[in-house]
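# Working through the structure, step by step
Listed here are the chains, written in short residue letters.
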Amino acid sequence: MSHGPQNRNSHPTDAAIPVAEKRNEVDRSREPLFELRAISHSYGRNKAIFDVNLLVWPGEVVALVGDNGAGKSTLLKIFAGYLEPTSGSLRFMGEEVRFGTPARARALGIEAVYQDLAIVDQLSLWRNFFLGKEIARKIGPLQVLERRRMRREAETAIAKLGLTRIRSAEQPVWALSGGERQSVAITRAIYFGAKLLLLDEPTAALSVRETRNVLASIHQARDHGLGVLYIDHNMNHVLPVADRIVLLEHGRIVRTIDRGEVGVEELQELIARRAQNAES
Amino acid sequence: MKSFTESLLNVRELAPGLGLLFVVLFFTLQTGNFWSPETMTAVSSVASTIAIVAVGVTILMISGEFDLSVGQNFAFTPIVWALLFVSDGINQWISLIAALGLACFVGIINGLVTTIFGIPSFITTLGMFFVLEGLNNLLITGHQLMMFQPSTAMWLLGAQIGNTPFYMPLVWMFVIAFVFWFVLTRLRYGNWTLATGGKVGPAKAMGVATIRVKRINFVLSALLAGLAGCMQFSYLHTVTQGQGQNYELLAITAAVLGGTSLFGGMGTIWGSVIGAYLLATIQIGLVLIGVPGSFYVTFIGVLLVIVVIANVRLGRFGGNQA
């Protein structure tokens, strides 16, 4: 298992990091799932991302951390196909790709889950679960829903995830909490064979129990071999799940930290100190 | 497993159904002739056409848009139909199809203008309301078109059913409501309609063609309004430019009384049919108990506001009902 590619492709400051003993099972000898090569992005004359190299392997959880305005969301949008980088190239499963639209990224198996864009409140659980990918029998020009089958499949998939509060897929999703909705959305992504999951602050404004649910869903996704890239501000939520933590600052990757390398306080201090240095 | 009572409480048509039952009981007790054939004809013929218009308005409202032009379309389409096949001597079926095609065209314009320019459909269709009002006035200039010998098409759309007190629009209402109920609850298109009106962002993110869904529903709403107008003409054998006055508001009222959300994403077809019957029963019932006819709209106005307050209080619009 080589640590090489990561260092080679990352920003030079990465070289200073001692290679820690790895405790995770991410197989980095394989083909990476997603690769950013020398990516830069500008909004008009404002450059937001500077020459970023980043790899995500299958079954790996990568957390993007950093201060506000560090470029985390911009990077995520590039991953999701919402933004076309100004320069550099993207490689997905070994092939160079250009998305253009989020729909094309989705078609390849890149699923972005946003807190407020995950679920339609008024629809029942199974209708949400299969929205846009309904199982339907074609009768002439009509697409007749296979309701029983979708209900059963949604219930099975969600039962596997351990959301025990959900009794029936006929239930409207009003009753679900913010965390449960995201868990449903993540389960949906796994069910439909997504390969890379993108999460923008999945634990923001969630209770402790809900946060645990969402983090469990992230684990679930990783165990199914998905790559996960997510942004989070709370280091207590980052450390237990992330295999790798990527620290961004002013649009550059300034450090990449492997699982178990640092503790929560250390990490928080690191971000705060760098922010302070940047200001002075 | 859900208990029986729980399933029953989840039926959205329950509340309006109970309301209708209450109103019917009230008028049965207060009047001697509520179940007479004349009353049944009056209630069912008023309710059927409002219900058909309301079905179209409902599916459009569920996808998150309004149509205020249905009342004028309700007169416009039969006027065009009648003028074509009476004055111009065109085959009755061809002229019917042409008139309904024109109704659809109205819906296409409503849908395109709303979705392309991103303005509230309330405004688009209010504009269309005035356009059609002007056209109706231009077409028959205050006259009344009357048919002394109804044609086959008119017979099919509006004739009496045997010796019963009921007329063809009632049959069409059931057929149309059934078709739209099926579309809304059993087809992928129905799922997309609910999602589009529920929350456009996630729906779009999941690959639902929200713009197309809205455009199609604008057309369906306009088509049903025009078709119901042709039925009214076939039943009455006459049409004036005043036909369908207030129907845009009555159709929305029927939908809301039947449990359709003003904010989209929720509603049922049968609820709107029940809502239309609620309106018709109250209208005819009030006449029977000797209340001045004009009191009807006042009463409906108060009822509408109370129902919406109750719905908001019960969280049916807010979305926190389990």
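Notes on the structure in this doc start here. (Residues numbered from 1 in each chain as written. Chains lettered and ligands numbered in written order. Predicted model: local features only at pLDDT ≥ 70, side-chain atom pairs only at ≥ 80, totals over all residues.)

## Here's the deal with the environment of Ala242 of chain A
Residue and element names in this part refer to chain A.
- Here Ala242 is to be found in the loop between α8 (235-238) and β11 (244-249).
- According to the C-beta neighbour criterion, Ala242 is buried, with 24 such atoms within 10 Å.
- Taking C-alpha positions, Ala242 is 6.5 Å from Arg259, a pair spaced 17 residues apart along the chain. (Helix = DSSP H or I, 4+ residues; strand = E, 2+ residues; numbered from the N terminus. Buried ≥ 20, exposed ≤ 12 C-beta atoms within 10 Å, placed from the backbone.)

## Topic: the packing of helix α5 (residues 92-117) of chain B against helix α11 (residues 210-236) of chain B
Residue and element names in this part refer to chain B.
- Between α5 and α11, the least distance of the axes is 8 Å, while the angle of their chain directions is 145 degrees. In this structure, the crossing between α5 and α11 has a hand that is right-handed. Judged by residue contacts, Leu96, Ala99, Leu100, Ala103, Cys104, Val106, Gly107, Ile108, Asn110, Gly111, Leu112 and Thr115 of α5 engage Ile211, Lys214, Arg215, Phe218, Val219, Ser221, Ala222, Leu223, Ala225, Gly226, Leu227 and Cys230 from α11.
- Class assignment for the residues of the contact of α5 with α11 results in 16 nonpolar, six polar and two charged. (Axes fitted to C-alpha atoms, helices over the stretch in contact; angles between N-to-C directions. Left-handed = near helix turned anticlockwise from the far one by under 90°. Contact = placed C-beta atoms within 7 Å. Nonpolar A, V, L, I, M, F, W, Y, C, P; charged D, E, K, R; others polar.)

## With respect to the sheet that holds strand β5 (residues 95-97) of chain A
Residue and element names in this part refer to chain A.
- Taken in spatial order, the four strands of this open sheet run β2-β1-β4-β5, and their pairing is antiparallel. At either margin of the open sheet sits one strand with a lone partner, and together these are β2 (46-56) and β5. Direction aside, the axes of adjacent strands within the sheet are offset by 30 degrees on average.
- Across five bridges, strand β1 (residues 34-43) lies against strand β4 (residues 87-92) in antiparallel orientation. Within β4, the position partnered with Leu36 by the bridge is Leu90. (Pairing = 2+ DSSP bridges.)

## Overview of α11 of chain B
Residues and elements named next belong to chain B.
- Here α11 spans 39 Å end to end across 27 residues, near enough to the 39 Å set by a 1.5 Å rise per residue.
- With 24 of its 27 residues buried, α11 lies for the most part within the structure.
- Note on α11: the residue one or two positions beyond its end, His237, has a positive phi of about 65 degrees. (Expected span 1.5 Å × (residues − 1).)

## Some thoughts on the environment of Val106 of chain B
Residue and element names in this part refer to chain B.
- Summarising the element assignment, Val106 is placed in helix α5.
- C-beta crowding within 10 Å serves as the criterion here: with 28 such atoms nearby, Val106 is assigned to the buried category.
- It is 9.5 Å that separates the C-alpha atoms of Val106 and Thr125, two residues lying 19 residues apart in sequence.
- Setting aside residues up to four positions removed in sequence, Val106 forms contacts with Ser69, Asn73, Met128, Leu132 and Ala222.

## Some remarks on the interface of chain B and chain A
- Of the residues lining the interface, 23 residues belong to chain B; the matching set on chain A comes to 19 residues.
- At the level of elements, α9 (188-198) and α10 (200-205) of chain B are the ones that each hand at least two residues to the side of chain B that touches chain A.
- Sorting elements by how many residues they give to the side of chain B that touches chain A places α9 of chain B first, with six residues.
- Its residues placed into classes, the side of chain B that touches chain A shows 11 nonpolar, eight polar and four charged.

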